[in-house]
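Listed below, chain by chain, are the residues.
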Amino acid sequence: MTATPSMAPLPDSWVERIFDRMQGLYGSLWVDRWRSGETVERNGRQFDRGLLNAKATWAQEMGGFADQPERIARALESCRHRNMPPTLPEFLSLCRDQVAEQTVSLPPPTPDAERRQRNIESAAAVKVGSVGNLQWAERLRTRYLAGERLLPIQVQLASESLEEVWEGGAVKGRAPARFGEAAA
């Protein structure tokens, strides 16, 4: 995955960070590898020509990893366990060896057809508002009175369905008629 001549080079700031990290890991073993002793002036500052050439070469050859900074970061991290600094071909190989980030996405669940049909039939059997379908609320009332901790929404829905007021672990009587409803 080396850069082709038409591929953009790695940004200078990235190459600087690579070289800084390598110098931190390997000290003079890294810097002396590139130093030529010949200096050039750029923007009023003196730079070693060999080091500038090395950075330009690394930028060009590493361009193929510009869209995969995580591979470069992991390759740099793997250098912590090396006694000698890598050459450019070795570092490119380290980058290639790193697994690219992959987002793992699971396929959407496929419901069991038989279970799905039972749920549909069970839901269809409940007739909202008809007498006799409040067993669920009565079961929740029994659990509530037994001291079982229920979710607030369970208490609210069951007590409203039974037209009762549940407070402090007890049923306090019938709920007052709502506005617009006839009192029983």
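Just so it is clear, the structure is predicted and the values come from calculations on it, not from any experiment. (Residues numbered from 1 in each chain as written. Predicted model: local features only at pLDDT ≥ 70, side-chain atom pairs only at ≥ 80, totals over all residues. Heavy atoms only, no water.)

Side note on the overall build of the protein
Right, so step 1: When its secondary structure is counted, the protein shows eight helices and four strands.
Right, so step 2: When burial is assessed residue by residue, the protein has 26% of its 184 residues classed as buried.
Right, so step 3: Put simply, of all contacts in the protein between residues at least 6 apart along the chain, 58% involve residues at least 24 apart.
Right, so step 4: Summed over its atoms, the accessible surface of the protein is roughly 13,300 Å², and 53% of this surface lies on carbon and sulfur atoms. (Helix = DSSP H or I, 4+ residues; strand = E, 2+ residues; numbered from the N terminus. Buried < 20%, exposed > 50% of the residue type's maximum accessible area, 1.4 Å probe, protein only. Contact = heavy atoms within 4.5 Å. Areas by Shrake-Rupley, 256 points an atom, 1.4 Å probe, with all protein chains shown as cover.)

Details of the environment of F47
Right, so step 1: Along the polypeptide, F47 turns up in strand 2 (residues 45-48).
Right, so step 2: Considered as a pair, F47 and G37 are ten residues apart in the sequence and their alpha carbons are 9.4 Å apart.
Right, so step 3: Sequence-distant contacts of F47, that is, excluding residues within four places in its chain, are made with E38, T39, V40, R42 and L52.

A word on the pattern of salt bridges
Right, so step 1: Per the stated rule, a full pass over the model turns up nine salt bridges.
Right, so step 2: Between E90 and R82 there is a salt bridge; the shortest N-O distance is 3.4 Å.
Right, so step 3: Residue class for E90 comes out partly exposed when judged on its relative accessible area of 34%.
Right, so step 4: By relative accessible area, R82 is classed as partly exposed at 28%. (Salt bridge = Lys/Arg side-chain N within 4 Å of Asp/Glu carboxyl O.)

Regarding a nonpolar patch on the surface
Right, so step 1: Taken together, the side chains of W136, L151, I153 and L157 define a hydrophobic patch exposed on the protein surface, amounting to about 380 Å² of accessible area.
Right, so step 2: As for its placement among the helices and strands, L151 is situated in the loop between helix 7 (135-145) and helix 8 (152-161). (Patch = residues over 30% accessible without salt bridge, like charges linked within 9 Å, V, L, I, M, F, W, Y side chains within 5 Å.)

Considerations on helix 5 (residues 88-97)
Right, so step 1: Turning to helix 5, its buried residues number three or more, namely L88, F91, L92, L94 and C95. Down the axis of helix 5, the smallest arc covering the buried residues is 155 degrees, so these residues share one side. Across from the buried face of helix 5, at angles greater than 90 degrees, the exposed residues are P89 and D97.
Right, so step 2: Packed against the buried residues of helix 5 are helix 1 (12-26), helix 3 (49-61) and helix 4 (69-78). (Arc of directions from axis to C-beta.)

Some remarks on unusual backbone geometry
Right, so step 1: The phi torsion at N43 lies on the positive side, around 55 degrees, for a residue other than glycine.
Right, so step 2: Along the chain, N43 falls in the loop between strand 1 (39-42) and strand 2.
Right, so step 3: Phi at E163 is positive, roughly 55 degrees, even though this residue is not glycine.
Right, so step 4: Counting through the fold element by element, E163 comes out in the loop between helix 8 and strand 3 (164-167).

Here's the deal with the packing of helix 4 against helix 5
Right, so step 1: Between helix 4 and helix 5, the least distance of the axes is 8 Å, while the angle of their chain directions is 115 degrees. Crossing geometry of helix 4 relative to helix 5 is assigned as right-handed. The segment helix 4 lies against helix 5, with R71, I72, A75, L76 and S78 engaging F91, L94, C95 and R96.
Right, so step 2: In the contact of helix 4 with helix 5, the residues fall into six nonpolar, one polar and two charged. (Axes fitted to C-alpha atoms, helices over the stretch in contact; angles between N-to-C directions. Left-handed = near helix turned anticlockwise from the far one by under 90°. Nonpolar A, V, L, I, M, F, W, Y, C, P; charged D, E, K, R; others polar.)

Describing the environment of M62
Right, so step 1: Position of M62 relative to the elements: it lies in the loop between helix 3 and helix 4.
Right, so step 2: A sequence separation of 53 residues divides M62 from P9, and the C-alpha atoms of the two residues are 6.8 Å apart.
Right, so step 3: What M62 contacts, discounting residues up to four positions off in sequence, is L10, I72, L88, F91, L92 and C95.

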